[in-house]
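Analysis of the macromolecular model
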Amino acid sequence: MPEKSPFPTNKWLAARVTAAAGIIILFITTDNWDDEEWIATVTLISEALVSYLVPNDSAPGGVKPKQP
């Protein structure tokens, strides 16, 4: 069985860029860093950690292991 790469996938990185853009847009539209921006930032960080730590094959319908 091949070793799992410690690096995130391109899909994971693309989702983080999209979420970070949402936080930046929120900051631009409110003109200051308030509770909403902190909540969005904490949510982004916690979601990123959870989605990185849980392997794809742990989810129903996730990636199936390769058969030899």
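It should be noted that the structure appears before, not after, this text.
Just so you know, these numbers come straight off a predicted model, no measurement behind them.

Considering the pattern of salt bridges
Side-chain pairing between opposite charges can occur once the charged atoms of the two side chains come close. The final tally for this structure, using the stated rule, is one salt bridge. Here Arg16 makes a salt bridge to Glu47, at a shortest N to O gap of 2.6 Å. Note that Arg16 is positioned in helix α1 (residues 10-30) and Glu47 in helix α2 (residues 35-53), a separation of 31 residues in sequence. What makes Glu47 partly exposed here is its relative accessible area of 36%.

Re the environment of Ser46
Within the element layout of this structure, Ser46 appears in helix α2. On the basis of relative accessible area, Ser46 is assigned to the partly exposed category, the value being 38%. A polar atom in the side chain of Ser46 sits 3.1 Å from the backbone oxygen of Thr43.

Re α2
The α-helix winds at 3.6 residues per turn, so residues separated by three or four positions along the chain end up facing the same way. Here α2 is 19 residues long and its end C-alpha atoms lie 27 Å apart, about the 27 Å a rise of 1.5 Å per residue gives. Three or more residues of α2 are buried, namely Glu37, Thr41, Leu44 and Ala48. Projected onto a plane normal to the axis of α2, the buried residues spread over an arc of 60° and lie on a single side. Pointing more than 90 degrees away from the buried face of α2 are the exposed residues Asp35, Trp38, Ile39, Val42, Val50 and Leu53.

Describing the packing of aromatic side chains
Tallying each qualifying case throughout the model produces three aromatic pairs. With 5.5 Å between their ring centres and 85° between their planes, Trp33 and Trp38 make a pair best called edge-to-face. Looking at Trp33, the relative accessible area reads 35%, which means it is partly exposed. Positioned over the ring face of Trp12 is Arg16, at 4.9 Å from the centre of the ring.

About the cut-offs
- Residues numbered from 1 in each chain as written.
- Predicted model: local features only at pLDDT ≥ 70, side-chain atom pairs only at ≥ 80, totals over all residues.
- Heavy atoms only, no water.
- Salt bridge = Lys/Arg side-chain N within 4 Å of Asp/Glu carboxyl O.
- Helix = DSSP H or I, 4+ residues; strand = E, 2+ residues; numbered from the N terminus.
- Buried < 20%, exposed > 50% of the residue type's maximum accessible area, 1.4 Å probe, protein only.
- Polar contact = N/O pair within 3.5 Å; in protein donor to acceptor, adjacent residues only side chain to side chain.
- Expected span 1.5 Å × (residues − 1).
- Arc of directions from axis to C-beta.
- Phe/Tyr/Trp six-rings, centres within 6.5 Å; stacked < 30°, edge-to-face > 60°.
- Lys NZ or Arg CZ within 6 Å of the ring centre and 35° of its normal.

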